[in-house]
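What the coordinates show
One letter stands for each residue in the lines below.
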Amino acid sequence: MSSVTLSNIKKSYGDVSVIQGIDLAINNGEFIVLVGPSGCGKSTLLRMIAGLESISGGTLSIGGDPMNDVHARDRDIAMVFQSYALYPHMSVRDNIAFALKMRGVDPARIEREVANAAEILSLGHLLDRLPRELSGGQRQRVAMGRAIVRHPKVFLFDEPLSNLDAKLRVQMRVEIRELHQRLQATSVFVTHDQVEAMTMADRIVLLNDGVIQQFGTPLELYDYPCNRFVAAFIGSPGMNFVDGTIEHEEGIAALSYGDGRRIELNPEMARLPAAGQAVTLGFRPEHLQPCAKGQGFETLITSIETTGFENYLYCEAQGVRMCALQFERLDCRVGDSIHLRPAADKLHFFDQVTGLRLESEAPLMRTAS
Ligand SMILES: Nc1ncnc2c1ncn2[C@@H]1O[C@H](COP(=O)(O)OP(=O)(O)O)[C@@H](O)[C@H]1O
Ligand SMILES: [Mg+2]
């Protein structure tokens, strides 16, 4: 087990730069989730840590030792892929044992290691089967078994759950977390799914266009997104955004939006951007609640979604779309008018031009830079 440190790590293909100078300090034993939209450079970064991709600039160290020039097989890292990458003609037992056999490990120890991994992953009754005789979830477990027997310093996972159906994904998410509790091995897990990131990570690295947007615990990113990209990426349905201008009058703050409409904001003035500033106001669906006429946004309901547990009202005010989450089943229909107000202490303000968070007080906020 080991810490992993990236200092100004860069990657370009020809003159196309895909990783733009990443600084990241991963603690020994931490479970890090690297998340971001498709094509943002997650796999590239992971493959550089693994040694499967050369590093164009910067320094990578594992357990304090520089790794840039160390061959992949000597980095003591195990990687689990989306495709599982099992040997189709080998039994589960031989797949799991493969890396140890190649290293010439003593057969008695191989048997012990395979039995131990099979026990951890509940594969004991499947050891004599071939990969094609297993379900997707079982194949994924075999792929993890191959990693476990090596006792690597670092586990890397590249979207290992993406080929599984939704229910199994939720189950494997829990299993991988429990496996981590047990092994306490430093892990970097790549996904494009923010729910996987939120539920699995000790800390999340949110990447976009090869640049870290924010590095922090799941709730730091959820509660204190440091820019509009993070605010929009984390959470589903996403945060609501309304562009407008801040007004302060006689101790009352408001946002003017649309064709001159105003809503009172009313948090402490100290937490508000300056009067006259053009901002994007953000608030999450669970913080938007029905209110009396004359307060909040006057909206029309454009659609309603219910899961039985949660009810989402999709509404429109002055051409601005917003979503409200309700746990009670409201007596309302599409086309109804409804007044909705965001909770005063759950407002986020972003600069309309740069997208950066404006509010200065964010006690837990941490960014990578
Ligand atoms: N071998 C390569 N040659 C050129 N461009 C590449 C190569 N591999 C990846 N890229 C580009 O690098 C960017 C990041 O890719 P990748 O790391 O696979 O993204 P992600 O895993 O986040 O979806 C993409 O724009 C991709 O097209
Ligand atoms: Mg990828």
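Since the model is a prediction, treat every value here as computed from it, not as a measurement.

1. Some details on the overall build of the protein
Across its full length, the protein carries eight helices and 20 strands. Referenced to the eigenvectors of the C-alpha coordinate spread, the extents of the protein come out at roughly 80 × 45 × 35 Å. Taking all 369 residues of the protein together, the buried fraction comes to 50%. When contacts within the protein are restricted to residue pairs at least 6 apart in sequence, those whose partners lie at least 24 apart make up 67%. Accessible surface, the protein: about 17,400 Å² in total, of which carbon and sulfur atoms supply 48%.

2. Some points on the sheet that holds strand E11 (residues 240–249)
Strand pairs in the sheet, formed through backbone hydrogen bonds, run parallel or antiparallel to each other. With antiparallel pairing, five strands are arranged side by side in an open sheet as E13-E12-E11-E14-E20. The open sheet has two free edges, formed respectively by strand E13 (261–264) and strand E20 (348–351), since each of these has just one partner strand. In this sheet, adjacent strand axes meet at a mean angle of 45° when their direction is disregarded. Looking at chain direction, E11 and strand E14 (residues 278–283) are connected through six bridges and run antiparallel. Each bridged residue has a counterpart across the sheet, and for Asn240 the counterpart in E14 is Phe283.

3. A few points about the packing of aromatic side chains
Taken as a whole, this structure holds ten aromatic pairs when the rule is applied. Here Phe31 and Phe189 contribute two aromatic rings whose centre-to-centre distance is 5.9 Å and whose plane-to-plane angle is 35°, an arrangement assigned as tilted. Pair noted here: Phe31 is in strand E3 (residues 31–35) and Phe189 is in strand E8 (residues 186–191), with a separation of 158 residues, a long-range link. Look at Phe229 and Phe233: their rings are 5.9 Å apart centre to centre, the planes differ by 20°, and that puts the pair in the stacked class.

4. Notes on the nonpolar core
Grouped together as the largest cluster of nonpolar side chains are 50 residues, with contacts concentrated most on Val33, Ile96, Met144, Phe157, Ile176, Phe189 and Ile234. Residues Val4, Ile19, Val154 and Leu207 belong to the second largest nonpolar core, which totals 29 residues.

5. Details of the environment of Glu247
Summarising the element assignment, Glu247 is placed in strand E11. In sequence terms Glu247 and Arg262 are 15 residues apart; their C-alpha atoms lie 9.0 Å from each other. Discounting residues that sit within four places of it in the chain, Glu247 has contacts with Ile252, Ala253, Ala254, Ser256 and Arg262. A distance of 2.7 Å separates a polar atom in the side chain of Glu247 from a polar atom in the side chain of Arg262.

6. Some words on the domain arrangement of the protein
Often, the extent of an interface is quoted as the loss of accessible area on bringing the components together. Looking at the protein, the domain boundaries give domain 1 (4–233) and domain 2 (240–368). Relative to domain 2, the C-alpha centre of domain 1 lies at a distance of 38 Å.

7. Quick notes on the site of ligand 1
Residues in close proximity to ligand 1 include Tyr13, Val18, Pro37, Ser38, Gly39, Cys40, Gly41, Lys42, Ser43 and Thr44, which together make up its full environment. Separating an oxygen atom of ligand 1 from a side-chain N or O atom of Ser43 is a distance of 2.8 Å. Contact between ligand 1 and Thr44: an oxygen atom at 2.5 Å from a side-chain N or O atom of the residue. A total of 570 Å² of accessible area belongs to ligand 1 in isolation, and the protein chains cover 54% of it. Element by element, the count of residues in the shell around ligand 1 is highest for helix H1 (residues 42–50), at three residues. Of the residues in the shell around ligand 1, the class split is four nonpolar, five polar and one charged.

8. Topic: the environment of Arg169
Among the structural elements, Arg169 can be located in helix H5 (residues 166–183). In this structure the C-alpha to C-alpha distance between Arg169 and Gly124, which are 45 residues apart in sequence, comes to 22 Å. Not counting residues within four places of it along the chain, the set of residues in contact with Arg169 comprises Leu161, Ser162, Leu164 and Glu196.

9. Focus: the packing of helix H2 (residues 92–102) against helix H4 (residues 136–148)
Interaxial distance between H2 and H4 falls to 7 Å at its minimum, and their mutual angle equals 30°. By the angle between their axes, H2 is roughly parallel relative to H4. With respect to the hand of their crossing, H2 and H4 are arranged in right-handed fashion. On H4, the residues touching Val92, Asn95 and Ile96 of H2 are Val142, Gly145 and Arg146. Split into classes, the residues belonging to the contact of H2 with H4 amount to three nonpolar, two polar and one charged.

10. A short note on the sheet that holds strand E4 (residues 57–62)
Judged by pairing direction, the sheet is antiparallel, and its four strands sit side by side in the order E2-E1-E4-E5 without closing on themselves. Looking at which strands have only one partner, the edges of the open sheet turn out to be strand E2 (16–26) and strand E5 (65–66). Note that E4 and E5 share two bridges and pair antiparallel. When the sheet's bridge partners are listed, Ile62 is paired in E5 with Asp65. Here H1 sits on the sheet and contacts strand E1 (4–13), E2 and E4; the angle it forms with E1, its principal contact strand, is near 120°.

Here is what the cut-offs are and how they apply
Counting restarts for each chain, with residues numbered from 1 along the sequence as it is written. To label them, take the chains in the order written and letter them from A, then take the ligands in the order written and number them from 1. Only residues with pLDDT of 70 or above have their local features reported here, since the model is predicted, and side-chain atom pairs are shown and tallied only from 80 upward, although totals for entire chains, interfaces and linings are computed over all residues. Excluded from the side-chain calculations are hydrogens and water; all other atoms, namely the structure's heavy atoms, are used. Counting from the N terminus, the helices are DSSP H or I runs at least four residues long and the strands are E runs at least two residues long. Only protein chains enter the accessibility calculation, which uses a 1.4 Å probe; a residue whose area is less than 20% of its type maximum is buried, one above 50% is exposed, and one in between is partly exposed. Every residue pair with non-hydrogen atoms within 4.5 Å of one another is taken to be in contact. What sets the accessible areas is the Shrake-Rupley method with a 1.4 Å probe; for residues, cover comes only from the shown protein chains. Pairing between strands is defined by DSSP: at least two bridges between the two strands are required. What counts as an axis is a line fitted to C-alpha atoms, over the stretch in contact for a helix, and the angles between N-to-C directions run from 0 to 180 degrees. Note on aromatic pairs: the rings of Phe, Tyr and Trp (six-membered ring only in Trp) are paired at centre separations within 6.5 Å, and the planes decide the class, stacked below 30 degrees, edge-to-face beyond 60, tilted for the rest. We define a nonpolar core as any set of buried Ala, Val, Leu, Ile, Met, Phe, Trp, Tyr and Cys residues linked to one another through side-chain atoms lying within 4.5 Å. For this analysis, a polar contact is any N or O atom pair within 3.5 Å, provided that within protein one partner can donate a hydrogen and the other can accept it, and provided that sequence-adjacent residues contribute only side-chain to side-chain pairs. Those domain boundaries reflect an automatic or database domain assignment. We call a residue near a molecule or strand whenever a single non-hydrogen atom of that residue lies within 4 Å of it. Amino acids outside the nonpolar list (Ala, Val, Leu, Ile, Met, Phe, Trp, Tyr, Cys, Pro) and the charged list (Asp, Glu, Lys, Arg) are all regarded as polar, and Gly is one of them. If an angle is under 35 degrees, it is roughly parallel; if it is over 145, roughly antiparallel; if it lies from 65 to 115, roughly perpendicular; otherwise it is oblique. Each crossing is labelled by how the near helix is turned from the far one, with a counterclockwise turn of less than a right angle marking it left-handed and a clockwise turn marking it right-handed.

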